[in-house]
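The lines below spell out each chain.
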Amino acid sequence: MRRQPVIDRQAQRMAIAVQSPDLFELTYEDTRIMYAPGAFGGAARLHYAGPMGQHSFDGDQIHEMRSPRGLEISVMLDNVSRFHTITLTVFLPELEFGGGDELSFRTIGIHATRRLGIAGGPGAEMTSAALELDGLAKLMEFHAPGPPVAL
């Protein structure tokens, strides 16, 4: 009788190359958000199209905060004055690819509007609207713009 080899599942999982997503596409009703954490030259980029208009952000315009649950990304969609601001915050869970190059997920985002009262007027007001986002994480290969390179 031939003996089957013992498969060490833990070692097999560790042998699989694990990669993090390079591109996130998030949608909710008429809102579409594309986020690339390190697209061209390592600078993050985010594009927003939705009820607050179309906006593109890169580098320091994108505020990132890592937590045990994932990555929190915030951008300022509208900064009318220091008395009125609209921000977008998106929560991206930690995702790892063990195989394949796309992964669907669900997450949330928040449109927050902050209005400060003027001296002698009513106090500050903050409102927010939750976005239940459908997400698609992708493994992409970004190249810096320039002439083609023969491989």
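Just above sits the structure.
Let me begin by describing the structure that accompanies this report. If you're wondering where the values come from, they're calculated on a predicted model, not measured in any experiment.

1. Quick look at the nonpolar core
Phase 1: Of all hydrophobic cores here, the largest spans 24 residues; its most connected members are Ile 33, Tyr 35, Leu 46, Ile 62, Leu 88 and Leu 92.
Phase 2: The residues contacting Leu 92, other than those within four sequence positions of it, are Phe 24, Leu 26, Tyr 35, Arg 69, Gly 70, Leu 71, Ile 73, Phe 105 and Thr 107.

2. Section: unusual backbone geometry
Phase 1: For Glu 29, which is not glycine, the phi dihedral falls at a positive 45°.
Phase 2: Mapping Glu 29 onto the fold places it in the loop between strand 1 (23-28) and strand 2 (31-40).
Phase 3: Residue classification places Glu 29 among the exposed positions, given a relative accessible area of 68%.

3. Quick word on the packing of aromatic side chains
Phase 1: Scanning all chains against the criterion turns up two aromatic pairs.
Phase 2: Residues Phe 24 and Phe 105 carry aromatic rings whose centres are separated by 6.1 Å and whose planes lie at 90° to one another, so their mutual orientation is edge-to-face. Of the two residues, Phe 24 is situated in strand 1 and Phe 105 in strand 8 (residues 102-115); the sequence distance between them amounts to 81 residues. Assigned by exposure class, Phe 24 and Phe 105 land together as buried.
Phase 3: One aromatic cluster in this structure is built from Phe 24, Tyr 35 and Phe 105.

4. Considering the pattern of salt bridges
Oppositely charged side chains can form a pair if their charged atoms are brought close together.
Phase 1: Within this structure, the stated rule accounts for five salt bridges.
Phase 2: Here Glu 94 makes a salt bridge to Arg 66, at a shortest N to O gap of 3.0 Å. A residue pair is termed long-range when its members are at least 10 positions apart, and Glu 94 in the loop between strand 7 (84-93) and strand 8 and Arg 66 in strand 5 (residues 63-67) qualify at 28 residues.
Phase 3: Looking at Arg 66, the relative accessible area reads 60%, which means it is exposed.
Phase 4: Salt bridges sharing common partners tie together Glu 25, Arg 32 and Lys 138.

Each value, and the rule that gives it
Residues numbered from 1 in each chain as written. Predicted model: local features only at pLDDT ≥ 70, side-chain atom pairs only at ≥ 80, totals over all residues. Heavy atoms only, no water. Core = buried A, V, L, I, M, F, W, Y, C linked by side-chain atoms within 4.5 Å. Buried < 20%, exposed > 50% of the residue type's maximum accessible area, 1.4 Å probe, protein only. Contact = heavy atoms within 4.5 Å. Helix = DSSP H or I, 4+ residues; strand = E, 2+ residues; numbered from the N terminus. Phe/Tyr/Trp six-rings, centres within 6.5 Å; stacked < 30°, edge-to-face > 60°. Salt bridge = Lys/Arg side-chain N within 4 Å of Asp/Glu carboxyl O.

Keep in mind these numbers describe shape, not what the thing actually does.
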